Number of protein chains: 2
Amino acid sequence: MKRIAIQGIEGSNHHIVAKKFYDKDITLNECLSFDILVDSLLTGHSDQAIMAIENTIAGSIIPNYALIDKNNLHISGEYYLPIHHHLMALPNQNIEEITEVCSHPMALLQCKEFFKNHQHIKLIEDVDTAEIAKRISEKQLTGVAAIAPKMAAEIFNLSIIEDEIQTIKQNATRFVIIQTTKPENGIHEINKASLKFELDHKRGSLATILNVMSDCKLNLTKIQSLPKIETPWKYAFFVDVTFETYKDYQKAKSIIEIMANDFKILGEYKNGRL
Amino acid sequence: MKRIAIQGIEGSNHHIVAKKFYDKDITLNECLSFDILVDSLLTGHSDQAIMAIENTIAGSIIPNYALIDKNNLHISGEYYLPIHHHLMALPNQNIEEITEVCSHPMALLQCKEFFKNHQHIKLIEDVDTAEIAKRISEKQLTGVAAIAPKMAAEIFNLSIIEDEIQTIKQNATRFVIIQTTKPENGIHEINKASLKFELDHKRGSLATILNVMSDCKLNLTKIQSLPKIETPWKYAFFVDVTFETYKDYQKAKSIIEIMANDFKILGEYKNGRL
């Protein structure tokens, strides 16, 4: 049985992705931080891990890119999950009785507008979404609510006070599947890649690389410059591309390899976009 | 006297930037979140605000880009501050006696390696760095330490237990000066601009824009694609450029205006890099 590390506990969005991504039964390793998640891979306790990497509202979770890069992990797949935030608490309480809401900072950020209309509620940042639901249930905390997926309410016997409290209703998060070894994806399954490269600070050097990609029929789905740790204000570029044929991608790859410094393939996988 | 909003309280890094950026005396408006900071500008309580926008380790503070964009604020200047994190507490305590460290999530992230060697300390996320220093001082809390700039220790009479605990010693943060009105920077003072545009998902469209920039002798110092709020998985591009002459920049600007959708100048200002 495959051992899969997730950030958070059962009932979290990472857990939902685990259920949707894997056909078969898996063993879940719950990790309370992304660092612990990566350690679980590095120490061989997990075969693969699921990691949130970007969301509709806040953009990339940049420290996670650094974790993948620094630890030479490989992206072997991706999954896009629509995010639904629900406010949940012990049964028979209404919103006026709730004085505290604990959740992950990202969930709080995504529900900001809702809480503007409920100023009596104190917002408290915590490490996970589902973990608070579990705590409320175990300690029978009244007056405290969690923001978590519906599955967390079911698992921990909480009632949903308000559903869909996220500001942007079409909110989605992109998750990547990561592992320590190079994935054995067949070239016919692959139509997306995550690349990293560094460039000299010569004018136009990025444009030149993008021209190569365009000539080789690669579609850029994402680009960002990121500071190079240890050498402040030097930038590396993280780029996601999709393509029709592996041959086109291979051609671009071999040209960029020559043109850019420190060219690295973070992953080649199947596009998870519906 | 100019009224300047800062994120955090006196003794914070934002306060240090305020002292360094402005020659003259200013009135400080302390704001406990970036939302409150922006509100302070929008309601006319502050003339300008100082906002952290990117740092060496974690990259861009993406929600702050969204705040500037959404509220049509203008960037009128920037400042690069080297960041020094110090661990501070009430006098006469050593590190073994400290059981809790509270600070801003970014500060905790930047000192992660230090705390790996002090596993007995519980890390607690809070809204500000200096604010914890103030609280320790006011409530005379023992066993609790703050991560904050040296100035906070001086203002709140705390002792520094360990200095320079940030993992990356050359850590720096870029701050922007923002305001509601278009700044009156003279064209001779301007050699940097922050731009935003949207592009059709046509292959090579970004490369084409970057070619224009390169042809007009603009240097790209930063690029990132950001999800368009309300239309998930459509991206806008945020780009910073520097240039030798305003004329070159103006030429690029007028071409990009025609080629890109929703072209917006977030700010034209003097490069703050030393």
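Visitor: Sorry if this is basic, but what is going on with the interface of chain A and chain B here?
Guide: Interfaces are often described in size by the accessible area the parts lose on coming together. The interface of chain A with chain B comprises 45 residues on the first partner and 46 residues on the second. Summing the contributions of chain A and of chain B, the shared interface buries around 3,900 Å²; its carbon and sulfur component is 60%. For the interface between chain A and chain B, the tally reads two salt bridges. Residue Asp35(A) pairs with Lys112(B) through a salt bridge whose shortest N-O separation is 3.0 Å.

Visitor: Please explain the sheet that holds strand β8 (residues 122-125) of chain B as it appears in this structure.
Guide: Sheets are built from strands paired through backbone hydrogen bonds, the pairs being either parallel or antiparallel. All names here are of chain B. Read from one edge of the open sheet, five strands run β8-β7-β9-β6-β10, paired in mixed fashion. Edge positions in the sheet fall to β8 and β10 (159-162), since each of these pairs with one other strand and no more. The mean angle between the axes of side-by-side strands here comes to 35°, regardless of whether they run parallel or antiparallel. As paired strands, strand β6 (residues 86-89) and strand β9 (residues 144-148) are joined by three bridges and run antiparallel to one another. Following the sheet pairing, His86 is matched in β9 by Ala148. Helix-sheet contacts for helix α6 (residues 130-139) involve β6, β7 (100-103) and β9, and the interaxial angle to β9 is about 145°.

Visitor: Would you mind going over the relation of the copies chain A and chain B with me for this structure?
Guide: Both copies of the chain are tied together by a single rotation about an axis and a shift running along it. Of the transformation superimposing chain A on chain B, the axial component is 0.1 Å and the angular component is 180°, with the fit at an RMSD of 0.0 Å. Each copy turns onto its partner about a two-fold axis. Taking the C-alpha atom as reference, chain A places Gln224(A) closest to the rotation axis, 2.0 Å from it.

Visitor: It is not clear to me how helix α2 (residues 34-42) of chain B should be interpreted in this structure. Could you clarify?
Guide: Since one α-helical turn is 3.6 residues long, residues separated by three or four positions face the same way. Residue and element names in this part refer to chain B. Buried residues of α2: Phe34, Leu37, Val38, Ser40 and Leu41, and no others. Viewed end-on, α2 has its buried residues packed into an arc of 150°, placing them on one side of the element. Contacts from the buried residues of α2 go to β1 (2-7), α1 (13-21), β2 (26-31), β3 (48-55), α3 (62-70) and β11 (172-179). Between the side-chain oxygen of the N-cap and the backbone nitrogen of Asp35 there are 3.3 Å, and the N-cap of α2 in question is Ser33. Backbone geometry just after α2 places Gly44 at a positive phi near 80°.

Conventions adopted
- Residues numbered from 1 in each chain as written.
- Chains lettered and ligands numbered in written order.
- Predicted model: local features only at pLDDT ≥ 70, side-chain atom pairs only at ≥ 80, totals over all residues.
- Heavy atoms only, no water.
- Contact = heavy atoms within 4.5 Å.
- Buried area = accessible area lost by both parts, 1.4 Å probe.
- Salt bridge = Lys/Arg side-chain N within 4 Å of Asp/Glu carboxyl O.
- Pairing = 2+ DSSP bridges.
- Helix = DSSP H or I, 4+ residues; strand = E, 2+ residues; numbered from the N terminus.
- Axes fitted to C-alpha atoms, helices over the stretch in contact; angles between N-to-C directions.
- Least-squares fit on C-alpha atoms with pLDDT ≥ 70 in both.
- Buried < 20%, exposed > 50% of the residue type's maximum accessible area, 1.4 Å probe, protein only.
- Arc of directions from axis to C-beta.
- Polar contact = N/O pair within 3.5 Å; in protein donor to acceptor, adjacent residues only side chain to side chain.

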